[in-house]
Amino acid sequence: MGTVLIIDDESVIRDYLATLIRRLGHEPVTAATAMAGLEKLADPDCQLVIADIFLPDSPPPEIWIQQLAQTAAGRMVVLISGAPSQELNECATASGITTFLSKPFELTFIRRILQTAFN
Amino acid sequence: MNTKTRLGIPFFDDVFGGVYRGWQTLCHGRAGSGKSIFGMHFINQALVEGDRALLLSENRVADTLKMSERFGMPFAAAMASDQLTLLEYGAFITDKVASSHIMLPPQAFDELQDMIELQSIRRVVLDTVLPWVAIQPVSHLEDHIYSFIHALDRIGVTVLMTLPKPVSHDALILKNHLEDLCSVSINLDHVNQSERCLSVIKYIGQANNLSRPIACAIQDGHGFVRASPDTSELTLASASPPENRSSREVS
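Reading guide: rules and limits
Residues numbered from 1 in each chain as written. Chains lettered and ligands numbered in written order. Predicted model: local features only at pLDDT ≥ 70, side-chain atom pairs only at ≥ 80, totals over all residues. Helix = DSSP H or I, 4+ residues; strand = E, 2+ residues; numbered from the N terminus. Rg over C-alpha atoms; globule rule 2.2 N^0.38 Å. Buried ≥ 20, exposed ≤ 12 C-beta atoms within 10 Å, placed from the backbone. Contact = placed C-beta atoms within 7 Å. Pairing = 2+ DSSP bridges. Axes fitted to C-alpha atoms, helices over the stretch in contact; angles between N-to-C directions. Nonpolar A, V, L, I, M, F, W, Y, C, P; charged D, E, K, R; others polar. Expected span 1.5 Å × (residues − 1). Arc of directions from axis to C-beta. Core = buried A, V, L, I, M, F, W, Y, C linked by C-beta atoms within 7 Å.

Okay, the overall build of chain A next. For chain A, the helix and strand inventory stands at five helices and five strands. Ordering the α and β elements of chain A from the N terminus gives β-α-β-α-β-α-β-α-β-α. At 13 Å, chain A has a C-alpha radius of gyration in line with the 14 Å of a compact globule built from 119 residues. Seen through its principal axes, chain A has C-alpha atoms that stretch 35 × 30 × 25 Å. Looking at the 119 residues of chain A, the share that counts as buried comes to 40%. A separation of at least 24 residues holds for 60% of the contacts in chain A among residues at least 6 apart in sequence.

Residues and elements named next belong to chain A. The strand order across the open sheet built from five strands is 2-1-3-4-5, with neighbouring strands paired in parallel fashion. Looking at which strands have only one partner, the edges of the open sheet turn out to be strand 2 (27-31) and strand 5 (99-102). Strand-to-strand twist across the sheet, computed as the mean angle between neighbouring axes with direction ignored, equals 20°. Pairing analysis gives five bridges linking strand 1 (residues 3-7) to strand 2, with the strands arranged parallel. Its bridge partner being in strand 2, Ile6 is matched across the sheet by Thr30.

Contacts between the two partners involve 16 residues from chain B and, on the opposite side, 14 residues from chain A. Secondary structure elements with two or more residues in the side of chain B that touches chain A: helix 6 (107-118) and helix 8 (141-155) of chain B. By residue number, the principal contributor to the side of chain B that touches chain A is helix 8 of chain B, which donates eight residues. In terms of residue class, the side of chain B that touches chain A is built from eight nonpolar, four polar and four charged.

Residue and element names in this part refer to chain B. Taking 1.5 Å of rise per residue, the 13 residues of helix 9 (residues 169-181) would be expected to cover 18 Å, and the 19 Å separating its terminal C-alpha atoms lies within 8% of that figure. Residues of helix 9 that are buried include every one of Leu174, Lys175, His177 and Leu178, and no others. Seen from one end, helix 9 has its buried residues packed into an arc of 160°, which puts them on one side.

Ranked by internal contacts, the top residues of the largest apolar core, which has 65 residues, are Ile43(B), Ala53(B), Val124(B), Leu126(B), Val133(B) and Phe148(B). Ranked by the residues each element gives to this core, the list is headed by helix 2 (residues 35-48) of chain B, at seven residues. Excluding residues within four positions of it along the chain, Val124(B) makes contact with Leu54(B), Ile116(B), Val157(B) and Val159(B). The next biggest cluster of nonpolar side chains, apart from the first, holds 34 residues, and it includes Ala31(A), Ile65(A), Ala69(A) and Leu114(A).

Residue and element names in this part refer to chain A. A large share of strand 3 (residues 46-52) lies buried, amounting to five of its seven residues. When strand 1 meets strand 3, the two strands line up parallel, connected through five bridges. The partner of Leu5 across the bridge, within strand 3, is Val49.

Another aspect to go through is the sheet that holds strand 6 (residues 121-127) of chain B. Across a sheet, paired strands are connected by hydrogen bonds in the backbone, their directions being either parallel or antiparallel. All names here are of chain B. Strand order in the open sheet formed by nine strands is 5-4-6-7-3-8-9-10-11, with mixed pairing between adjacent strands. Among the strands making up the open sheet, the edge pair consists of strand 5 (84-88) and strand 11 (223-226). When strand polarity is set aside, the average angle formed by the axes of neighbouring strands in this sheet is 25°. In the sheet, strand 10 (residues 214-219) pairs with strand 11 via four bridges, with the strands oriented antiparallel. Looking at strand 11, one finds that Ile218 is bridged to Phe224. The strands touched by helix 9 within the sheet are strand 3 (24-29), strand 7 (158-164), strand 8 (184-190) and strand 9 (195-203), with strand 3 carrying the most contacts at an inclination of about 150°.

So this is what it looks like as structure tokens:
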């Protein structure tokens, strides 16, 4: 069992992911803003973070991705978005983040990612 | 680049070597142009190769089985041996997939994914793809279709999707977004009751052979067959060109 932090301003997304994560036997922690997310990510018990790229209070996505990667410090980060641009993909890869999930269909693959991350 | 797998229509496979395994092929055309039969060839090829396949169709299962019998495809036996799964959209998608809560994946997609993975299904036909991708507002279409295609990529199944000929501006946008993300795009048109015209609009990695439509026909016992050379001239001259053909970029 692991602790998974979900950072998304849409409550419907947070609830959906939290339900999935709980059903798979893990502990979800949620944050609705970038600032709250970074605070909760400081907790070393959070082993994986799922974060929306575009939040009302987040800096430009390139900065936000770097902040996430630095605060997560070696823990797995999954980014969720609409269709990510090539620039965002490159920025994420440069920060060591390789997993993008596009809304809505790819969100179902959280199941597979959790199995890989916690097995 | 992915490896290829036969589409199941010999005259197409002889020219192109099939379609890309694990990727998506789009087949679009007017009503009655043969899109469903085209999809059945794709399923039948899976059966020939010993793979499991799934057909999700707007047609009733009984009608699909009757059609398969007419074209010499052993769908009933494949169903009996669990090699083939036939589903009707009406029964499969009970939630309104594309119009509400588009932030969330529809439950039907979860079920489709589970079915494909648990049964080791290698080929899927979505006849038509519309229930998954026809959303409003149209400004969300690009992200929605991107997500749908990339989710299919992640499952790793080879997919053929059919799409009716677009008759509105929004429908044309939808078709263009799908075509942009599919590795192969094929247009079917019909000249008369039996004659058809197949045009390959896009084939990633292959710019040759795309300019000439292929004259073909639908015959009982065979399905799609290439038209005899005698009738090709007439067929090609009378077939209407696929929409946007000249404007689509072929990479």
